[in-house]
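Given next are the chains, with one letter for each unit.
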Amino acid sequence: MDIVVIAEFVYLLVIDLAFLFALLILMLPLGIWRQAAFAVMKRNFTGYFSNPTGYVFLCLFVLLTSFAAFWPHEFFTTNLANFNQLNRFLPFIMLIFIPAITMSLWAEERRQGTDELLLTLPAHDFDIVIGKYFAAVFVFTLSLLFSQLSNYAVLLAMTGGQLDTLLLFSTYLGYWFMGIAMLAVGMVASFLTNNLTVGFIFGAAFNAPLAFFSRADLIVSDSAWIRRLFEWSLLQRFEPFGRGLISPSAICYFLGIVVLGIFFSLVLIGRRHWAGGRDGRSMFWHYFLRGVFLVATVIAAVLIVQYSPINQARVDISSGKVSTLSDTSRQVLAELAREPAAEGEKSVPVINVDAFVSGNLPTEYVQASYDLVNLLREFDVLGGNRVQVNLQQGIQPFSEEAILAEKRFGIRPRKVVSESRGAIREEDTIFGVSVSSGRQRIVMPFIPYGAPVEYELIRAIRSVAHPERKKLGVIQTDASVMGAMLQMPGEDGQPQRVQLPMLRMIGELRKEYDVEPVDASSPVPVWLEDEAGRPVRRRYDVMLVVQPSKMTAGEMDNLLELVRLGQPLLVFEDALTDPEAFPTIYGTFFPRRLNRLSSEPADITRLIDQLQLDVDRQKADGLWYPWLLYKDAAANPYRRDTILSEPERLIVRADEVEDLPKFAPDHPATRGITEIGMDFTAPVTPLPDSKLVFTELVNSGGWGRINTRDFIRLPPENRDAVREAPRRSWPLVAHIQGSRQKDDFAAADIATPDDQRANVIWVCDVDFLSDRYVAIAEYPIQNGIEYQFQNVALLQNLVDYLAGNETWLDLRNRRQRQSTLRVVEQTVDAAMQEVYEVTQELEKQRIEAMNKIRTEVEREIGPLQKDIERMDSEGTRNEEYNLKRQTFEARAREQAQRVQSQLEQLENSKAEALRSIQFDAELKIQETQRNFKLAAVVIPPIPPLLMGLIVFTRRRLREREGISRARRLK
């Protein structure tokens, strides 16, 4: 067995023993000062396990919890190593198990007539009630431990030991609090009857409302009442524990029920004193009013704790901190909560967060939904009265809530394609959030499952509270990143009008900045001035320029002036662009494709020289050809992606073993970035005598290089001969700064150009901005591959850093990482890899077969074709020529039909073989899931069953020891 699995199991045992020890310490006063109560507790505890009924219910409880945890199809669909499925069913399982424990607490005493004996003991009624209650608590605790350890062992096997032990402990701690509350209610039922069956029924009936309040929508139609009842359900109050939180309000709720249950049990056991009789006086109304006031006190206490700062002191004990907000989010919420009302206003406007989440989400959206719900609940608690959250979960596409979401917020169902059990399904999914305050509103009609949920939510909350935003200027070049209608040469050489859409990367930046296009054909104003003509602040907090080599000469002059004036600039320059992503521009030293007004093209070397950079390049045929970087084939983590198998499509990963970190670990813009993609990239380096500060933010590691000229003129199979082996680490993203950086408005020379004012971040790739990286960021799982590219996050970080807006830098890259079923994932990955390898082999066989067929066809009609071509060249047009031509055309048609027929056969064979291997792969996955399900229900009941057999065997042997041999023989 893996040492990690053993270590995790031992770790949980230590935690459980610590909990039991703490529970025994709490029982210590009972054994010292309440010995009668301790004796009652011991008698009832041992009595429960001295008969078969106790073990039957114990095995049944463990079996039901295992079924509920692992047998729902959603367990493998969600792929999360937690007990979310069990959370939904446990209150209803408790409705069977809790009455089974409590039904005999007092009803059995009355049935056997031992109640009078207990009541005549030198003990208070409180001793009897509390002793019986704690006996039931220890019985339940032992049962819960059996369930926890068995279910935990199954999860260990599914995850290979990589799971959040403290999160699972917190979940079972919540079950324990839920159970002790239900035990108190069930004990009241036992004091009402002397019949075990009636006691069981009463115990289930009294606990049923608290359990079924979570399903109030099945009975009540009013949405307000549904929310109120749900708020007081066992499942809702347990909810923080299921997320790893120790919540004061939840503990207060459960302990309040315990206090009420013990009080009413004391009232019922003491009926002999106050029920009245011939000479007595009934005190029913006295105790009734005391009960009413106690209920009101408990409810008030729960509400006070829930809506007071006490509840904000809840602790996230999970190892992954899955329910802990980042420091940035906490700071923003704290600032909003403390913010005073504006002048003339009585109060600050409330920020309303309305979220709508479908019931049956596709697999990819489950973790995103889990994160969203966690975050919204924390926002609701930590936001105080300033942030009000309305979370609608489990809504159907055509329900009343869905119609409301569409009418009020424009959040409507979206078709989502998902795969489940080998079947492709298209489902209507609702997954949107609206954040509003006053007239300000930000609506996210559909949140992609790859989006950084916490960043998106807290940014929207802050934006509606403070609508003012920084300004980003996008300098126009031939790249047309803002979108444009352009006239471009077509394939036939004739001009054609092409509509270019705005880059999706720009759309991401517009969520945070006011983005404006900037025409650099005339000087660009840098400062906004006051009435006295003094600079107040920058006109643009940051400016973006993509492929400045494709500007005009006049535009380049003005760009250089911006550099000298210290304007923060983010520059993307690419030696060789991907024509599919950027059809309007070529690489750095290639001619411009667009010729705007026949203006003189810019000389990019002027910008390179001003920033004191060097681009390693060679000159041939009158053009400069830079060196492109390439990666080794083994460095591609996405082997099933054939596009990324091209060596010049680079993947920069932080976890690769290199002497130099790929991403600057101490720089705010790259902290937390672990992977980006870049295509056809030529690096820049600082000149040896550069006086500017050159800071590497991203570097390549030990990659090789190939000249652009060789890359263009040679076919892919011949490029290896001209590739240079890895020599050094190359800068891919760099920050170039002068010595005069601070905006000192008091300085007289603030508007004086100076190279030492340079503040430029240079990115050696334009394809970095392509739309496919935005699509990957939103939907990381594509064609069975989960990508980790963070191009969008790095771009936003670079812009924020240059703009002096460092609020979101750490938050943007934060993800709540849940423990997943790694063993099941490995089975799926192995199956998918097998499918990929078989697909590649089938494609290879198809190509070989087609080449063979074409060779045979060429051999069959080739000589005849050559004769015809010879006679054509000689000008021969006789009867022999006509006969040969007719024969050739007939054979060509015949061979074409033959090729087409065999091609269809090959395609059909390939498709059939692919279906077969996909079917086999799906069977392997389902077999793995079935094996775990079977183990989950077969193994857990074994320990309590063995324990019961040992106890009863030992008991039977002791009974036989007291019987004479003669009597046994009879």
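Please read all numbers here as calculations on a predicted model, not as lab measurements.

Asker: Let's hear about the packing of aromatic side chains: which residues, and what values?
Answerer: Counted by the stated rule, this structure contains 36 aromatic pairs. Taking 5.2 Å as the distance between ring centres and 85° as the angle between the ring planes, the aromatic pair formed by Phe 70 and Phe 75 counts as edge-to-face. Judged by its relative accessible area of 0%, Phe 70 is buried. Aromatic ring contacts, followed pair by pair, group Phe 19, Phe 169, Trp 176, Phe 177 and Phe 241 into a single cluster. One cation-aromatic arrangement involves Arg 237 over Trp 232; the distance from NZ or CZ to the ring centre is 4.7 Å. Stacked on the ring of Trp 71, the Lys or Arg Lys 933 has its end atom at 5.7 Å from the ring centre.

Asker: Tell me about empty space enclosed by the protein, residues and numbers included.
Answerer: Empty pockets left among the atoms are what a rolling probe the size of a water molecule brings to light. The final tally for this structure, using the stated rule, is two cavities of 30 Å³ or more. In this model, the largest cavity occupies a volume close to 110 Å³. Looking at the lining of the largest cavity, the elements that each hand over two or more residues are α1 (3-33), α8 (125-159) and α9 (165-190). Forming the boundary of the second largest cavity are Glu 573, Asp 574, Ala 575, Thr 588, Phe 589, Ile 608, Val 615, Pro 626, Ala 682, Val 684, Trp 762 and Cys 764. Class assignment for the residues of the lining of the second largest cavity results in nine nonpolar, one polar and two charged.

Asker: An account of the pattern of salt bridges is needed here, citing residue identities and associated values.
Answerer: Tallied over the entire structure, the rule returns 33 salt bridges. Between Arg 564 and Glu 561 there is a salt bridge, with its nearest N and O atoms 3.0 Å apart. With Arg 564 and Glu 561 both in helix α21 (residues 553-564), this residue pair falls three residues apart, about one helical turn. Residue classification places Arg 564 among the partly exposed positions, given a relative accessible area of 25%. Bridged by salt links that share partners, the residues Asp 578, Glu 646, Arg 649, Asp 679, Arg 719 and Arg 772 form one connected network.

Asker: Lay out unusual backbone geometry in plain terms, naming residues and giving numbers.
Answerer: One non-glycine residue, Asn 79, lies in positive phi territory at about 60°. Tracing the backbone through its elements, the reader meets Asn 79 in the loop between α4 (73-78) and α5 (84-102).

Asker: Please provide a residue-by-residue account of the sheet that holds strand β4 (residues 387-395), values included.
Answerer: Here we have four strands laid out as an open sheet, ordered β4-β3-β7-β8, and mixed in their pairing. Because the sheet does not close on itself, it has two edges, and the strands there are β4 and β8 (440-444). Between one strand axis and the next, the sheet turns through 10° on average, direction left out of account. When strand β7 (residues 431-437) meets β8, the two strands line up antiparallel, connected through five bridges. When the sheet's bridge partners are listed, Ser 437 is paired in β8 with Gln 440. Strands in contact with helix α19 (residues 453-465) are β3 (351-358), β7 and β8; relative to β8, the strand with the most contacts, it is inclined by about 160°.

Asker: Lay out the packing of helix α13 (residues 248-269) against helix α15 (residues 284-306) with the relevant residues and their values.
Answerer: Interaxial distance between α13 and α15 falls to 8 Å at its minimum, and their mutual angle equals 170°. By the angle between their directions, the pair α13 and α15 is classed as roughly antiparallel. In this structure, α13 contributes Pro 248, Ser 249, Cys 252, Tyr 253, Gly 256, Val 259, Leu 260, Phe 263, Phe 264 and Val 267 to the contact, and α15 contributes Tyr 287, Arg 290, Gly 291, Leu 294, Val 295, Val 298, Ala 301, Val 302, Val 305 and Gln 306. For the contact of α13 with α15, the residue count by class is 15 nonpolar, four polar and one charged.

Asker: A description of the side chain of Asp 641 should follow, citing residues and the corresponding values.
Answerer: Mapped onto the secondary structure, Asp 641 falls in the loop between β19 (623-630) and β20 (649-653). Buried within the structure, Asp 641 lacks any salt-bridge partner; its nearest side chain of opposite charge belongs to Arg 772, at an N-O separation of 5.9 Å. At a separation of 2.6 Å, a polar atom in the side chain of Asp 641 contacts the side chain of Tyr 787. In this structure, Asp 641 is in contact with Asn 636, Ile 785 and Tyr 787, ignoring residues within four places of it in sequence.

Asker: Provide a residue-level description of α15, including the pertinent values.
Answerer: Compared with the 33 Å implied by 1.5 Å per residue over 23 residues, the 33 Å span of α15 between its first and last C-alpha is a close match. Regarding α15, the residues found buried are Tyr 287, Gly 291, Val 298, Val 302, Val 305 and Gln 306.

Asker: A description of the nonpolar core should follow, citing residues and the corresponding values.
Answerer: One recurring pattern in soluble globular proteins is that nonpolar side chains are buried together. Tyr 133 and Phe 254 are the most contacted members of the largest nonpolar core, which totals 92 residues. Ranked by residue count, the leading element in this core is α8, at 18 residues. Once residues within four sequence positions are removed from consideration, Phe 254 is found in contact with Phe 177, Met 178, Ala 181, Leu 234, Arg 237, Phe 238 and Phe 241. Listed in part, the 53 residues of the second largest apolar core include Ala 479, Leu 769, Ala 793 and Leu 795.

Asker: With reference to specific residues and values, describe the pairing of β3.
Answerer: Counting buried positions along β3 gives seven out of eight residues, so the element sits mostly inside the fold. When β3 meets β4, the two strands line up parallel, connected through seven bridges. Bridge pairing in β4 links Val 353 to Val 389. Viewed along the sheet, the connection from β3 through helix α17 (residues 363-382) into β4 turns out right-handed. In this structure, β3 lies alongside β7, joined through six bridges in antiparallel fashion. Bridge pairing in β7 links Ala 355 to Val 433.

Definitions and limits used
- Residues numbered from 1 in each chain as written.
- Predicted model: local features only at pLDDT ≥ 70, side-chain atom pairs only at ≥ 80, totals over all residues.
- Heavy atoms only, no water.
- Phe/Tyr/Trp six-rings, centres within 6.5 Å; stacked < 30°, edge-to-face > 60°.
- Buried < 20%, exposed > 50% of the residue type's maximum accessible area, 1.4 Å probe, protein only.
- Lys NZ or Arg CZ within 6 Å of the ring centre and 35° of its normal.
- 1 Å grid on protein atoms, 1.4 Å probe; cavity = no way out; pocket = protein on both sides within 12 Å on 5 of 7 lines; lining within 4 Å.
- Points joined across faces, edges and corners; volume = space filled by probe spheres on them.
- Helix = DSSP H or I, 4+ residues; strand = E, 2+ residues; numbered from the N terminus.
- Nonpolar A, V, L, I, M, F, W, Y, C, P; charged D, E, K, R; others polar.
- Salt bridge = Lys/Arg side-chain N within 4 Å of Asp/Glu carboxyl O.
- Pairing = 2+ DSSP bridges.
- Axes fitted to C-alpha atoms, helices over the stretch in contact; angles between N-to-C directions.
- Contact = heavy atoms within 4.5 Å.
- Parallel < 35°, antiparallel > 145°, perpendicular 65-115°, else oblique.
- Lys, Arg positive; Asp, Glu negative; His and termini not counted.
- Polar contact = N/O pair within 3.5 Å; in protein donor to acceptor, adjacent residues only side chain to side chain.
- Expected span 1.5 Å × (residues − 1).
- Core = buried A, V, L, I, M, F, W, Y, C linked by side-chain atoms within 4.5 Å.
- Right-handed = clockwise from strand over helix to strand, strands pointing away.

Any link to function would need more than the numbers given here.
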